[in-house]
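What follows is the residue order along each chain.
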Amino acid sequence: MPYIAVVGSGPSGVYTAQSLVKEARVPDVRVDVLDRLPCPYGLVRYGVAPDHEKIKSLQGTLRTVLQDERVRFLGGVEVGPALPPAKLLELYDAVVYCVGAAADRRLGVPGEDLPGSCSATDFVAWYSAHPDARDDGFVRGVRTAVAIGVGNVAVDVVRILARGAAELTPTDMPQAALGALAESEVRDVYMVGRRGPSQARFTTKELRELGGLADAEVVVEEAELALDPGYRDPAALPAAVRRNVEVLRGWAGAPRRGAARRIHLRFFLRPAEIIEGGDGRAAAVRFERTGPDGLGGVTGTGAYEEIAAELVLRSVGYRGVPLDGLPFDAARGTVPQAAGRVLRGGTVSPGEYVAGWIKRGPTGVIGTNRPCAKETVASLTSDLAALTGPERVTGDPLAGLIAAGVEPVEWTGWQSIERAEAALGRSLGRNSVKIADWEGLLSAARHTGDM
Ligand code: NAP
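Parameters and conventions
- The written sequence of each chain sets the order in which its residues are numbered from 1.
- Given that this is a predicted model, residues contribute local features only at a pLDDT of at least 70 and side-chain atom pairs are listed and counted only at 80 or more, while totals for whole chains, interfaces and linings are drawn from all residues.
- Side-chain descriptors were evaluated using all non-hydrogen atoms of the structure, hydrogens and water having been removed beforehand.
- Strand pairing requires that DSSP identify at least two bridges connecting the strands.
- Here a strand is any run of E in DSSP of at least two residues, a helix any run of H or I of at least four, and the numbering for each starts at the N terminus.
- The angle between two axes is taken between their N-to-C directions and runs from 0 to 180 degrees, where each axis is a line fitted to C-alpha atoms and a helix contributes only its stretch in contact.
- By the convention used here, residues are in contact when the closest approach between their heavy atoms is within 4.5 Å.
- Residues are labelled near a given molecule or strand when at least one of their non-hydrogen atoms is within 4 Å of it.
- The term polar contact refers here to a pair of N or O atoms within 3.5 Å; inside protein, the definition further demands a hydrogen-donor-capable atom paired with an acceptor-capable atom, and it admits residues adjacent in sequence only when both atoms are side-chain atoms.
- Note on residue categories: nonpolar means Ala, Val, Leu, Ile, Met, Phe, Trp, Tyr, Cys or Pro, charged means Asp, Glu, Lys or Arg, and polar means any other residue, Gly included.
- For the domain bounds, the source is a domain assignment made automatically or taken from a database.
- Take a side-chain nitrogen of Lys or Arg and a carboxyl oxygen of Asp or Glu: if they are within 4 Å of each other, that pair is a salt bridge.
- A 1.4 Å probe rolled over the protein chains alone gives each residue an accessible area, and that area as a share of the maximum for its type sets the label: buried under 20%, exposed over 50%, partly exposed in between.

1. Considerations on the sheet that holds strand β6 (residues 117-119)
Strand order in the open sheet formed by six strands is β6-β14-β7-β8-β10-β9, and the pairing between neighbours is parallel. Every interior strand has two partners, whereas the edge strands, β6 and β9 (216-220), have only one. Averaged over all pairs of adjacent strands, the angle between their axes in this sheet comes to 20°, without regard to strand direction. Pairing geometry for β9 and strand β10 (residues 261-266), over five bridges, is parallel. Counted as the bridge partner of V220 is L265 from β10. Strands β7 (144-148), β8 (188-192), β9, β10 and β14 (311-314) of the sheet are contacted by helix α7 (residues 152-162), whose axis makes an angle of about 175° with β8. On top of the sheet, helix α13 (residues 239-253) reaches β9 and β10; it is set at about 100° to β9, its chief contact.

Shown next as structure tokens:
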């Protein structure tokens, strides 16, 4: 019976497990899905915005996979110095790393580490109740916020900042973040792209949603949009981009309705510096005005503009982080691989695989992980006979994990966390509310008695 470890229980990890159990060539496979956190689902739980209930409901599909009798969820298991990749290869016939891209990219401009300037991923982690998140008092005293970058993460953080308490209360947002956002004085939120609207990375559905918020309205500057030849004449644009342009055109032509909050979409502004106020905190962003270079990029014009803001969120993409004991391509932020097989020094490393963002970089929507996982599993399956030779007898790897000092949170532990979150929500008069700290999660996981 081949034992496979999948490291990471986000969409790429769970789709990998699903592909493995669906694989007719290995009917007796056993898959352990390991996660550093006691909770499964990765970015679906800790990255998808709390007000995106429909995408969150994907957890139901992922749950079905993790409850398959051939699959076992083992949370609270961190691959690292105490449990290195080499040890996993002793315990399992093959290991698939689906560890995503946990860090944020940086701007490389002066002032980006000032208090009040932080990564969108930190902000997302806070309102998503990630147990490693720090409460930086993100919105305290903030009237204006700037998100740098025009991808879907920027759209998420801008929307969460612009929503009112009534829209956020039904979500599973942790109580502290809900309270802070509900009381926030944020009135103006900027989302700023260094290129033009036809080069923005957001998708139309997400963009359009900004126009449907209860207490906020979108403000665009027609003259700035029109700097983009693709905006002036969208005929040659790909359909998805043309739809974005149409949404922006609609806003450009619409009268202002005087909503309590404003979302300003700005383009052709490249961040040059985060400027410090008298109190040592971020007070403004200085941008250089850019113009299209005719090749899809931009050039600087030498003209500058400042946007005053007490909160600056850099939202310029995720970045993979190296895992001790695995090769890493620092330039790409991924593990070197061929069709999902990990390459060490350019040569296939037997039994080691990757899928998801750590394989292909932080792009695509959740569904993109499905074909990505399938490709990796196809490679693994054709290698399996060679990997499970007579000398590779392992037995149940759980004993080996426990001997290595690991105390996994199994599925019943996760179910206890779910019940505790439902109870917390009830006590607050809300739906299920996420527990936001390690101690709370682990103590809930241990209360498996009342099943
Ligand atoms: P992204 O889509 O790669 O967007 C990054 C943005 O940052 C781009 O606008 C990029 O501009 C800009 N940028 C990069 N470096 C910059 C710099 N030095 N200065 C100024 N701007 C800079 O990344 P993301 O928003 O983090 O999203 C990651 C992935 O998750 C995407 O595939 C996204 O679709 C997905 N996601 C999906 C959803 C959803 O479906 N609802 C929600 C969240 C995330 P350039 O184009 O000029 O480089």
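2. Structural notes on the site of the ligand
Taken together, 23 residues lie near the ligand, and V150, R194, R195, R201 and G364 sit nearest. Between the ligand and V153, the relevant distance is 3.1 Å, taken from an oxygen atom to a main-chain nitrogen or oxygen of the residue. Contact between the ligand and R201: an oxygen atom at 3.1 Å from a side-chain N or O atom of the residue. The dominant element in the shell around the ligand, judged by the number of residues it contributes, is α7, at three residues. Counted by class, the shell around the ligand contains ten nonpolar, seven polar and six charged residues. Each of two domains, domain 1 (3-102 + 319-409) and domain 2 (106-316), supplies a minimum of three residues to the shell around the ligand.

3. Notes on the pattern of salt bridges
According to the stated counting rule, one finds 31 salt bridges in the structure shown. The shortest N-O distance in the salt bridge between R70 and D68 comes to 3.1 Å. Take R70: its relative accessible area is 23%, and that puts it in the partly exposed class. The buried category is assigned to D68, whose relative accessible area is 19%. Here R266 ties to E221 by a salt bridge, and the two come within 3.6 Å at their closest N and O atoms. Of this pair, R266 sits in strand β10 while E221 sits in the loop between β9 and α11 (222-225), and the two are 45 residues apart along the sequence. Among the residues examined, R266 registers a relative accessible area of 6% and is labelled buried. Residue E221 is classed as partly exposed on the basis of its relative accessible area of 39%. Taken together, the shared-partner salt bridges in this structure form one network comprising D51, D156, R159, R163, E167 and E209.

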